[in-house]
Amino acid sequence: SFCKEAAPSNPLPIKIGPLSVRSLGKIEYSRDSFHSSRYLWPIGFKSTWKAQDSDVLYESEVLDGAAVGDVGGMGEIDGPIFMVTVKMAGQSPKEFFGRSAKEAWRNALENDKAEERFGFREHEVRRRVEGLRHAFDCQHYEFLELRQQGGER
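Cut-offs used in this document
- Residues numbered from 1 in each chain as written.
- Predicted model: local features only at pLDDT ≥ 70, side-chain atom pairs only at ≥ 80, totals over all residues.
- Heavy atoms only, no water.
- Helix = DSSP H or I, 4+ residues; strand = E, 2+ residues; numbered from the N terminus.
- Rg over C-alpha atoms; globule rule 2.2 N^0.38 Å.
- Buried < 20%, exposed > 50% of the residue type's maximum accessible area, 1.4 Å probe, protein only.
- Contact = heavy atoms within 4.5 Å.
- Areas by Shrake-Rupley, 256 points an atom, 1.4 Å probe, with all protein chains shown as cover.
- Lys, Arg positive; Asp, Glu negative; His and termini not counted.
- Charge placed at Lys NZ, Arg CZ, Asp CG, Glu CD.
- 1 Å grid on protein atoms, 1.4 Å probe; cavity = no way out; pocket = protein on both sides within 12 Å on 5 of 7 lines; lining within 4 Å.
- Points joined across faces, edges and corners; volume = space filled by probe spheres on them.
- Core = buried A, V, L, I, M, F, W, Y, C linked by side-chain atoms within 4.5 Å.
- Pairing = 2+ DSSP bridges.
- Axes fitted to C-alpha atoms, helices over the stretch in contact; angles between N-to-C directions.

### Some points on the overall build of the protein
Item 1. Looking only at helices and strands, one finds four helices and six strands in the protein.
Item 2. Start at the N end of the protein and walk to the C end: the helices and strands fall as β-β-β-β-α-β-β-α-α-α.
Item 3. Here the C-alpha atoms of the protein give a radius of gyration of 16 Å, agreeing with the 15 Å that 2.2 N^0.38 yields for 153 residues.
Item 4. Burial status across the protein gives 42% buried among its 153 residues.
Item 5. Here the analysis covers contacts within the protein between residues at least 6 apart in sequence; of these, 48% occur between residues at least 24 apart.
Item 6. With an accessible surface of roughly 8,700 Å², the protein has 47% of that area assigned to carbon and sulfur atoms.
Item 7. Considering the protein, the positive charge centre built from 22 side chains and the negative charge centre built from 24 side chains are found 4 Å apart.

### A look at empty space enclosed by the protein
Item 1. Going through the model one piece at a time under the given rule, you end up with one cavity of 30 Å³ or more.
Item 2. One number sums up the size of the largest cavity: a volume of about 50 Å³.
Item 3. Residue lining of the largest cavity: Y39, L40, F120, V125, R126, V129 and Y141, and that is the complete set.

### A short note on the nonpolar core
Item 1. One finds F45, F82, F118, F120 and V129 to be the most contacted residues of the largest nonpolar core, which totals 30 residues.
Item 2. For this core, the leading source of residues is helix α2 (residues 101–109), giving four residues.
Item 3. If sequence neighbours within four positions are ignored, V129 has contacts with L24, I27, L40, P42, F45 and A135.

### A few points about the side chain of R128
Item 1. As for its position among the elements, R128 is in helix α3 (residues 123–130).
Item 2. You can call R128 buried: its relative accessible area is 3%.

### Overview of the sheet that holds strand β6 (residues 94–98)
Item 1. Taken together, the six strands give an open sheet; going across it, the order is β1-β2-β3-β4-β5-β6, and neighbouring strands pair in antiparallel fashion. This sheet does not close on itself; its edge strands, each paired only once, are β1 (14–16) and β6. Between one strand axis and the next, the sheet turns by 20° as a mean value, whatever way the strands run.
Item 2. Inspection of the sheet shows strand β3 (residues 46–49) paired to strand β4 (residues 57–64) by four bridges, in the antiparallel sense. The partner of S47 across the bridge, within β4, is S60.
Item 3. Sitting on the sheet, α3 touches β1 and β2 (19–23), and the angle it makes with β1 is about 160°.

Structure representation (structure tokens):
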């Protein structure tokens, strides 16, 4: 079957080095802002990132801007809001937001050259997100397999 989201052979979390994907979320296909030609941003997607030699845990999540309202001073957004929560032992968690995964990570790391660590660029994560129900209904998204073949769906 094309949809892989509930297949027992594909358990969560997906672990790739310091990255651990905990939830694939749900595809929002009726609003174009939740996908591009290269990426799908499912609502409720959750991952964590923790360097081996660090006690800092970074939790990433895709939120529905229409449901959460104004967070992080970004105003009302009818699209995805990317949140990174930084958790350090003995300190209150700190939340950082962005209109893109990269922006949220750059805010969290206070580094405008930082890469996003949600996991969206990882092949296995992309493959699994593509297998979610309604991924095929995202009209602008180009599936990896079709991209590699240079074809159209």
